Amino acid sequence: MHPYMIRYLNQLLYVAELSTATLLLARSLPRRRRWGVALLGYLALLALALYLLVVVKDMVMGRINAPGVLSLFIVVYISSFLAELIVFSLGLLIVRAVFEVSFSHAVFIACAGYATRNLAHCIVTLVCLLVTEESAFDATKLLTPSGALLYFGVFVPVYLVCYLVFFRRCRQGDEVFLDARFLRVLILLAAANMLLNAVNAPKNSLEADILYSFVLFARILFCLVGLIIQFFVLSWEKLVFRQSQMEHILSTQKEQFEIAKRSIETVNINAHDLKHQLSLLTSAIRLSGGSGEMQQELERMNRYVEDVDTVFHTGSKALDITLTEKARICREQLISLSVVADGRALGFLSDVDLYTLLGNALDNAIEATEAVPEPEKRTIALSVRQEKGMVSIHLENTFATAPRFVNGLPQTSKADQRFHGYGVRSMQRVVSQYEGNLTTHVDGDLFHVDILFFGQTPTE
């Protein structure tokens, strides 16, 4: 086979390996509207780039007149590094062109894909060196059964291990936001990887093979360390982000509780005064022999005020505020809310924690129930009771679509999971803080939430 063709096939194989690793990382990312056009443009640009990488390198080498060993090494090394840089840049370009991702996320994917491909390639080369005593693996070896077995017997397991250990951390809906400092570190890691990858396989000799084996071990170690650093920082970024979101949500819920408390108190006072005024007005109209239509209108207004003045008396002011707020939403959505609750049993919870726990539970129930098409089937039932040193909270509601469960807990159905799903996490935080137990399950057309607190003594 012509040397040009061999080198061209090697470049195609290289890009296919890199693209496979990149797509494993970007598998769940949303695609752009015209991603097919971008992909075709990428393939055309890729074919041109690969041709130039093969032809231009030979042209440059042909113009060097009797170079010395050092000069030849420098030219070959620089040209190999530039080739690595071009292929890496093309990988970054296609991620940005095809997928809806930020620049930092695209850099993260390109660097991880590049490190994964080089890790697998170095292991293939090392095995090839140890088994066949050849210091390079080119695409023509795939045409032989032993070469294909060696190649796929290494690449597939390495990619599978990287997927199970690293890539699964990039789940659907996750977005990677990296600060400028770590973005620079990622780019430096990729550049260092390119510099190592630009070291060409030496001519076959025992001393050169031994030296090259150490180079391969160093590259394998470097790729592994790079992947570990990348995905450790990814996990850390997620942890920091979730912590900041939880703190923001907690602060927001404190403010919401205070606002709800003041607004409900104001509404109840006004409704109470209005009831007395309507009562006096009704009595006056009856004594004066007012019309039946006027009396009916006053009765309608009385019923409206009674609805507005719905107040729960559970023995816990925080629970009364929470239930009153959610009951009004239920009325607006034609949801039947029934409550049997001993609020005194929840006296060990702070007002904000109680509002966070049951407010989020009721919000989730309302969101699921309001999607039920038939208003008569929109029901929510809450019970709170204390018995045998244990406080139990049971909430059940109807739903239109059964939720998806992960580790026994329902997951948000919203597309952007990065900014949703914190209601359940907030509930878990409160339950864990008071050493309780939270479970959920579906039974027929009802979704159940059960919360148990053990050995808690209500505060008076």
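Treat the numbers as computed from the prediction; the structure is a model and nothing was measured.

Engineer: For this particular structure, what's the right way to read the pattern of salt bridges?
Structural biologist: For side chains bearing opposite charge, pairing can occur when the charged atoms are close. Tallied over the full model, the rule gives 6 salt bridges. Across the salt bridge formed by R117 and E17, the nearest N and O atoms sit 2.8 Å from each other. Here R117 is found in helix α4 (residues 103–132), whereas its partner E17 is found in helix α1 (residues 3–26), with 100 residues between them in sequence. Take R117: its relative accessible area is 4%, and that puts it in the buried class. The buried category is assigned to E17, whose relative accessible area is 5%. The structure contains a network of salt bridges with shared partners spanning E325, K326 and D363.

Engineer: What exactly am I supposed to notice about the sheet that holds strand β6 (residues 436–443) here?
Structural biologist: In a beta sheet, neighbouring strands pair by backbone hydrogen bonds and run either parallel or antiparallel. Read across the sheet, 5 strands follow the order β1-β2-β3-β7-β6 without closing on themselves; strand pairing throughout is mixed. The open sheet is flanked by β1 (336–341) and β6, the only strands paired with a single partner. Within this sheet the neighbouring strands show an average axis-to-axis angle of 10°, counted without direction. In this structure, strand β3 (residues 390–398) lies alongside strand β7 (residues 446–454), joined through 9 bridges in antiparallel fashion.

Engineer: How should the packing of helix α9 (residues 317–332) against helix α10 (residues 351–369) be read in this particular structure?
Structural biologist: Helix packing geometry: the angle between the two helix axes and the distance between the axes. At a minimum axis distance of 9 Å, the contact between α9 and α10 shows a crossing angle of 20°. Between α9 and α10, the angle is such that the two are roughly parallel. For the element pair α9 and α10, the recorded crossing hand is right-handed. Every residue of α10 that contacts α9 at A318, L319, T322, L323, E325, K326, I329 and C330 is listed here: D351, L354, Y355, L358, G359, L362, D363 and I366. For the contact of α9 with α10, the class distribution of residues is 10 nonpolar, 2 polar and 4 charged.

Engineer: Would you explain the packing of aromatic side chains in this entry?
Structural biologist: Per the stated rule, a full pass over the model turns up 10 aromatic pairs. Between F108 and F231 the ring centres are 5.3 Å apart and the planes differ by 75°, which places this aromatic pair in the edge-to-face class. Here F108, found in helix α4, pairs with F231, found in helix α7 (residues 206–288); they are 123 residues apart in sequence, far enough to count as distant. The exposure class of F108 is buried, given its relative accessible area of 0%. Through pairs of rings, three or more aromatic residues link up here, namely F108, F166, F167 and F231.

What counts and what doesn't
Residues numbered from 1 in each chain as written. Predicted model: local features only at pLDDT ≥ 70, side-chain atom pairs only at ≥ 80, totals over all residues. Heavy atoms only, no water. Salt bridge = Lys/Arg side-chain N within 4 Å of Asp/Glu carboxyl O. Helix = DSSP H or I, 4+ residues; strand = E, 2+ residues; numbered from the N terminus. Buried < 20%, exposed > 50% of the residue type's maximum accessible area, 1.4 Å probe, protein only. Pairing = 2+ DSSP bridges. Axes fitted to C-alpha atoms, helices over the stretch in contact; angles between N-to-C directions. Parallel < 35°, antiparallel > 145°, perpendicular 65-115°, else oblique. Left-handed = near helix turned anticlockwise from the far one by under 90°. Contact = heavy atoms within 4.5 Å. Nonpolar A, V, L, I, M, F, W, Y, C, P; charged D, E, K, R; others polar. Phe/Tyr/Trp six-rings, centres within 6.5 Å; stacked < 30°, edge-to-face > 60°.

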